[in-house]
Protein chains: 2
Amino acid sequence: MTRENNISKAVISRLPLYYRALCRLAVDGKTRVSSSELASMLGGTASQVRQDLNCFGGFGQQGMGYDIDRLKSEIRDILGLDKIKTAVIIGAGNLGRAIANKLTNDELNFIPIGIFDSDPVFSSLSVKGLPIMQDDELPAFCEKFKPDIAVLCIPDDKAPELTDNLVMLGIRNFWNFTGFDIKKAYPFTNSENVYLTDSLITLSYLIKNS
Amino acid sequence: MTRENNISKAVISRLPLYYRALCRLAVDGKTRVSSSELASMLGGTASQVRQDLNCFGGFGQQGMGYDIDRLKSEIRDILGLDKIKTAVIIGAGNLGRAIANKLTNDELNFIPIGIFDSDPVFSSLSVKGLPIMQDDELPAFCEKFKPDIAVLCIPDDKAPELTDNLVMLGIRNFWNFTGFDIKKAYPFTNSENVYLTDSLITLSYLIKNS
């Protein structure tokens, strides 16, 4: 069992927040940060910050705070951010193109290597220098380049069949913008879901109850 | 205090899942569903389903299950889905256009009524029949149409200034695709955040630890 497996899910879910806060501080030219500063940035308590960061051997010193570079680098390591992760984007509509931009702009080492669509209307176009390919080119492409993840930017009703193809082609990691429950259908895969419909429903509830 | 205020946050966070499951069942022509069927669709236990639905006076009958239409309608009411909510989309890039489609396609009664961008390159274009307007047209537009929500589909660095404008113009509800913490800056607003960077970071962690 590696050290990471001992970190609770609750702490893991807060690591992206810590990571983004540390990036902002680094951009501002800061080199050290106290647990209470981090807490006020993230809306928690200094004691929770200390507890969280202790989980992976936090480097805070009494009265000195944390070394931002060191903490950032430790969190990057735990989150696997330094490893390059190649991605195919399935769906070249507005969402697929927005995601291609997102993947390219962030410093998280996700690299889009192919964009696919079933609609031939896209076939002579490119996004971020990548030509848009037809879905039937996926098998040869996956065999050759073995992408680490597939990003699903397709309508919900197309998700089950396309996911099945992608799993058959060896893809095990999904960034899923459809309503399809990939993890339920294929428990051996990883799926991070952005359920836009659920998010809108939550917003509707917030508005009604404000 | 209305009935809704008594429902716990945990139950509220599961209501979108129940709602989507009930929609799927209705599309399949089903009229009744048992708590164990719902549990197996959602990956929980029948007892949790019964507990959740009891919170708002669930209508299950022993051995008969729940009336799908009645339950759906009750959940729609709690979530405020029957009320029309008008939206302005800020940012007419790929993400803004994808979101305009999303808002139009779903039966959640969010209606896009304006799309705005600071880039004049968009000024003769339209999305879903709505002309793309310039940011400086926002004040007159908001005064006239009083939109219920603003959807932020802009780069992170533009978010603080634009949010400030929108709050000044009377907007209190945000669907936020930037990394900016609107609720922290304006505690009297509602903000539902889709933090794409955090989602990618979580995916990176899942891949590293699989």
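In this report, we go over the structure that sits alongside the text. Quantities reported herein were computed from a predicted structural model and do not represent experimental measurements.

### Considerations on helix α1 (residues 9-27) of chain B
Here comes step 1: A rise of 1.5 Å per residue sets the reference length of α1 of chain B, with its 19 residues, at 27 Å; its end C-alpha atoms lie 28 Å apart and thus fit the reference within 8%.
Here comes step 2: Of all the bends found along α1 of chain B, the most pronounced is centred on Leu15 of chain B and spans about 30 degrees, while Pro16 of chain B, a proline, follows it within four residues.
Here comes step 3: When α1 of chain B is considered as a whole, its buried residues turn out to be Val11, Ile12, Leu15, Pro16, Tyr18, Tyr19, Arg20, Ala21, Leu22 and Leu25 of chain B.
Here comes step 4: Taken together, the buried residues of α1 of chain B touch α9 (196-208) of chain A together with β1 (32-33), α2 (35-42), α3 (46-54) and α4 (68-79) of chain B.
Here comes step 5: Downstream of α1 of chain B by a residue or two, Gly29 of chain B has a phi angle that is positive, lying close to 85 degrees.

### Thoughts on the packing of helix α1 (residues 9-27) of chain A against helix α4 (residues 68-79) of chain A
Residues and elements named next belong to chain A.
Here comes step 1: Remark: α1 packs on α4, axes separated minimally by 10 Å, with the N-to-C direction vectors making an angle of 145 degrees. Both α1 and α4 take part in a crossing whose hand is left-handed. Counted together, Leu15, Tyr18, Tyr19, Leu22, Cys23, Leu25 and Ala26 of α1 and Ile68, Leu71, Lys72, Ile75, Arg76, Ile78 and Leu79 of α4 form the full contact between these two elements.
Here comes step 2: Of the residues belonging to the contact of α1 with α4, the class tally is twelve nonpolar, no polar and two charged.

### Some details on the interface of chain A and chain B
Here comes step 1: The partner chain B presents 52 residues to the 52 residues of chain A that form the contact.
Here comes step 2: Overall, the association of chain A and chain B removes approximately 4,900 Å² of surface from exposure, summing both partners, and the carbon and sulfur fraction of that is 63%.
Here comes step 3: The interface formed by chain A and chain B contains four salt bridges.
Here comes step 4: Residue Arg20 of chain A pairs with Asp198 of chain B through a salt bridge whose shortest N-O separation is 2.6 Å.
Here comes step 5: Taken together, the connections running from chain A to chain B amount to 26 residue pairs in polar contact (both at pLDDT 80 or more).
Here comes step 6: With 13 residues, the single largest contributor to the side of chain A that touches chain B is α9 of chain A.
Here comes step 7: Classifying every residue of the side of chain A that touches chain B by side-chain character gives 26 nonpolar, 15 polar and eleven charged.

### A look at the relation of the copies chain A and chain B
Here comes step 1: Rotating chain A by 180 degrees and translating it 0.0 Å along the rotation axis places it on chain B, where the RMSD comes to 0.0 Å. What the superposition gives is, in effect, a two-fold axis relating one chain to the other. Relative to the rotation axis, the closest C-alpha in chain A is found at Asn94 of chain A, a distance of 2.4 Å.
Here comes step 2: Residue by residue, 100% of the interface of chain A is reproduced at the interface of chain B, so both copies engage with the same surface.

What counts as what
- Residues numbered from 1 in each chain as written.
- Chains lettered and ligands numbered in written order.
- Predicted model: local features only at pLDDT ≥ 70, side-chain atom pairs only at ≥ 80, totals over all residues.
- Heavy atoms only, no water.
- Helix = DSSP H or I, 4+ residues; strand = E, 2+ residues; numbered from the N terminus.
- Expected span 1.5 Å × (residues − 1).
- Bend = angle between axes of the 7 residues up to and from the residue.
- Buried < 20%, exposed > 50% of the residue type's maximum accessible area, 1.4 Å probe, protein only.
- Contact = heavy atoms within 4.5 Å.
- Axes fitted to C-alpha atoms, helices over the stretch in contact; angles between N-to-C directions.
- Left-handed = near helix turned anticlockwise from the far one by under 90°.
- Nonpolar A, V, L, I, M, F, W, Y, C, P; charged D, E, K, R; others polar.
- Buried area = accessible area lost by both parts, 1.4 Å probe.
- Salt bridge = Lys/Arg side-chain N within 4 Å of Asp/Glu carboxyl O.
- Polar contact = N/O pair within 3.5 Å; in protein donor to acceptor, adjacent residues only side chain to side chain.
- Least-squares fit on C-alpha atoms with pLDDT ≥ 70 in both.

In short, shape yes, function no, at least from these values alone.
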